[in-house]
Amino acid sequence: MKKDMATSKPKVSVVLAIYNMQEYLPKCLKSLINQSLKDIEIICVNDGSTDDCSAILECFARKDKRIKIFNQENCGPGVARNNGISKATGEYIGFVDPDDTIKADMYEKMYNQAQKLNSDIVICDYVRYQTWSGHIIAHNAFEKAVKYIKAVPLNIPEGENIDRETLLDTLLVSPCYSVNRIYRRSLLQKNNIRFSDNMCYEDCPLVLQSHLSAKNVSFLNYAGYNYFLRKQSIVRAYTKKYLDFFEITEKLKHILAEHGLSDRMALNLHYFKTMNMAWIYDGLPASEKKSFMKSARKFLTAKELYEMKRQCKLRFKDTLKRLFGKCVTVTKAPRHDIVKIFNITFKIKRRCGRLGAEQHYINLVRKNYKKYPKDTYLLFDCLHDATVEAIDAYSLFEKMREKGLRAYYVVLKKTALYQKLAAENKLENVIALSFSSRTHPNEFMQKVHEILLRTKYILTSFGENSGTTEMFFRRHPSWQYIFLQHGPTYMKESVLYNGYLYPEKYDKFLVCSDREEDLWLTYNFPREKLLKVGLPRWDLLKNQPKQKEKSILLMLTFRHLNAVTFESSLYKKNLLRLLHNQKLADYLQKNKITLYFAPHHALISEMNIDFDLSNETNIKIVESDKISQCIRKCSCLITDFSSVAFDFMFQYKPVVFYMLDKGDPILESYDATDLARFDYKQYILPDVFFDEDAAVERVIEYCKNNFQTDEVTRKIYDSFFYTKENIRELLIEKLEESYPNK
């Protein structure tokens, strides 16, 4: 007899405490209902929300019966989570903040480890996203414990429970987050472990008490939790709530005393107090800092106060570097530090307690910025991968130079574009870089520090997340950040719901059609941030001469595969079947038609995959830097959901969508929403196929009809574009009009 899912105990109960999170809640709920571990319950405690959270919860609950809604008056996250614990029925309990997301297999991996090791608590790693700066910070959950408690690297074993001594060494030193853990429900019930009511830092007592009470705790070296740091969040709303920290610390001292660990963990508590106090101070507005220091002097010992001030002093330099990136250098002198920012030099005394100086120096630098006219555009395509063809931002750069605007283009020396520009002696206003992701960026800053002083717009066609570009393009109030897009997101919705793009990352986002605009609005991107134009490179597709050669381009989009998973994937199997399809091969050879295959650059550069096509006379592999040429000369495209489809649709060339790996767990776990977009009735996309034979038949049919598209298909294609005329000029006009006066 089958197990009754309706009456059986869930494996994991997930508790959300929700208060006025309408902007982020849908993305969070999607990440929960798409968990690969299906046997979960999602307990949503609505803590008196006054926005549309109730409606959002009801909408999701109608679609997924695992969502259970409980409403209460506003009492704070601690009370809401405690109510969630009391309603939970699962074997384990997990907690998620409604403005965060989790990876699709997080709870499955954590639950499986808990079962394998009989763990009362399982900890996983997490990734932090700084929404105001665009930084993505991979995190080692035990990194601080290595530096502070242990003189030697701390090895947290995977596949076995953490020994007691190591567990004690890491408590209060590694972050006390409740969200990157699952807890055996009986452990919390038996020991009456709950969150602190109505205060910040409510996680800390629960995390400490549960870990001290647990028999087995294990660590999963896997970053499953996506933690979005937002300036407006509860933790970063630095009001008088920082006084809660003093009360929470007293609770922690009481818990340690109950377990007889006051002396054993004195160093851990010292670290917890001083580092968090420094972190709070760093985030306080200037008006609060004096009051905070008065309270800190009463709360901290002399040693702790000194340590806190020392940490704040270091954080001053960090603040400068966050504002001005690698434009900042700090050198030591006998009695002070010399800070140089864009060749502006300050002397800062190294005297303990001089904490109020940071705003003074930052204001001086900002004042200096105002002396320079803001008249410069700084453009780049992709600085983290030289194999990607650079064309989007460069095509706009060409038009800006043609119109006499002050524009600079940043390019890697090892790209094909740079080699071409150098050969043609077209390097005026081109900033050529030779660094790799491991190279110190001094070379870059020497070239552009004066340009940055006059920069008003920084434009990129890639959502740069690499360490290289993160060092160069730090957020600053003088600059507007514009995301041009390498390809429309309409066919890659996952870049929106997986946090690759989010409203705070850029000041403006380019969109290409009403269809795409509606999608961005669904993910709470402000309408005023959307530039409704189109891709700059599309101007280059107009009035192309008719090609004598008959040819087809096969180009598929990215998959989250590696060299191991690729070998067993449905993607590889069906891709090779298509490349060796006998019917297609015979037709191509008979009619002298060439099939150009452009494998995604990641398959070549990251996985070193060799496609053996030596016996296929009418198939040629296209190098990454030649793709734009193929887009212009090829008469038809075979793709899955690559955004290159829009380049063909722009030219009214037929596009055959072949979803070759539908049903593959790898695709379903990451790109399920993308795949769902190709439902005929909902999105009205022509020529979508899930069967190889049907896709091949359609390609051959287009060949026989000389690659002509009918009027209905042309109208559908047109619906994906605002305009097809003078896109670059229209974009430049909008940018010139919208730049705020400084």
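A brief report on the enclosed structure follows. Here the structure is a predicted model, which is why all the values come from computation and not from measurement. Note on numbering: residues in each chain are counted from 1, in written sequence order. Only residues with pLDDT of at least 70 are given local features in this predicted model, and only at 80 or more are side-chain atom pairs given and counted; all residues enter the totals for whole chains, interfaces and linings. As a rule here, side-chain values cover all heavy atoms of the structure and leave hydrogens and water aside.

### Thoughts on the sheet that holds strand β19 (residues 530–532)
Then, in step 1: Pairing between strands is defined by DSSP: at least two bridges between the two strands are required. Only runs of H or I of at least four residues qualify as helices and only runs of E of at least two qualify as strands under DSSP, and these elements are numbered from the N terminus. Strand order in the open sheet formed by 7 strands is β15-β14-β13-β16-β17-β18-β19, with parallel pairing between adjacent strands. Taken across any chain shown, the strands that pair with only one partner, and hence form the sheet edges, are β15 (430–433) and β19. Strand-to-strand twist in this sheet, taken as the mean axis angle between neighbours without regard to direction, amounts to 25 degrees.
Then, in step 2: Judged from the 4 bridges that link them, strand β16 (residues 455–460) and strand β17 (residues 480–483) form a sheet pairing that is parallel. Its bridge partner being in β17, isoleucine 458 is matched across the sheet by tyrosine 481.
Then, in step 3: What makes two residues a contact is simply this: any of their non-hydrogen atoms within 4.5 Å. Where helices are involved, their axes are fitted lines through C-alpha atoms of the stretch in contact, as for all axes, and angles between N-to-C directions lie from 0 to 180°. Seen against the sheet, helix α14 (residues 392–402) touches β13 (376–380), β14 (406–412), β15 and β16 and runs at an angle of roughly 150 degrees to β14.

### Quick notes on the sheet that holds strand β25 (residues 688–689)
Then, in step 1: One open sheet accounts for 6 strands, arranged β22-β21-β20-β23-β24-β25; its pairing is parallel. The open sheet has two edge strands, β22 (619–621) and β25, and neither has a second partner.
Then, in step 2: One ladder, built from 3 bridges, connects strand β20 (residues 551–555) with strand β23 (residues 636–639); its direction is parallel. Directly across from leucine 553, in β23, lies its bridge partner leucine 637.
Then, in step 3: Of the strands in this sheet, β20, β23, β24 (655–658) and β25 touch helix α28 (residues 692–704), which is tilted by about 175 degrees from β24.

### Focus: the packing of aromatic side chains
Then, in step 1: Pairs were defined over the aromatic rings of Phe, Tyr and Trp, the Trp ring being its six-membered one, requiring ring centres within 6.5 Å. Orientation was assigned from the angle between planes: stacked under 30 degrees, edge-to-face over 60, tilted for the rest. Across all of its chains, the model carries 27 aromatic pairs by this definition.
Then, in step 2: For the pair phenylalanine 483 and phenylalanine 509, a centre-to-centre distance of 6.4 Å together with 70 degrees between the ring planes defines the contact as edge-to-face. Pair noted here: phenylalanine 483 is in strand β17 and phenylalanine 509 is in strand β18 (residues 508–511), with a separation of 26 residues, a long-range link.
Then, in step 3: Residue exposure (1.4 Å probe, protein chains only): buried if accessible area is under 20% of the type maximum, exposed if over 50%, otherwise partly exposed. Under the relative-accessibility criterion, phenylalanine 483 is labelled buried at 4%.
Then, in step 4: Joined through ring pairs, the aromatic side chains of Tyr490, Trp538, Phe646, Phe650, Phe720 and Phe721 make up one cluster.
Then, in step 5: Two conditions define a charge located above a ring, namely a distance within 6 Å from the ring centre to NZ of Lys or CZ of Arg, and an angle within 35 degrees of the ring normal. The ring of phenylalanine 299 carries lysine 273 above its face, with NZ or CZ at 4.8 Å from the centroid.
Then, in step 6: Geometry around phenylalanine 648 places lysine 653 over its ring, the cationic atom sitting 5.6 Å from the centre.

Function cannot be read off these values alone, since they describe shape.
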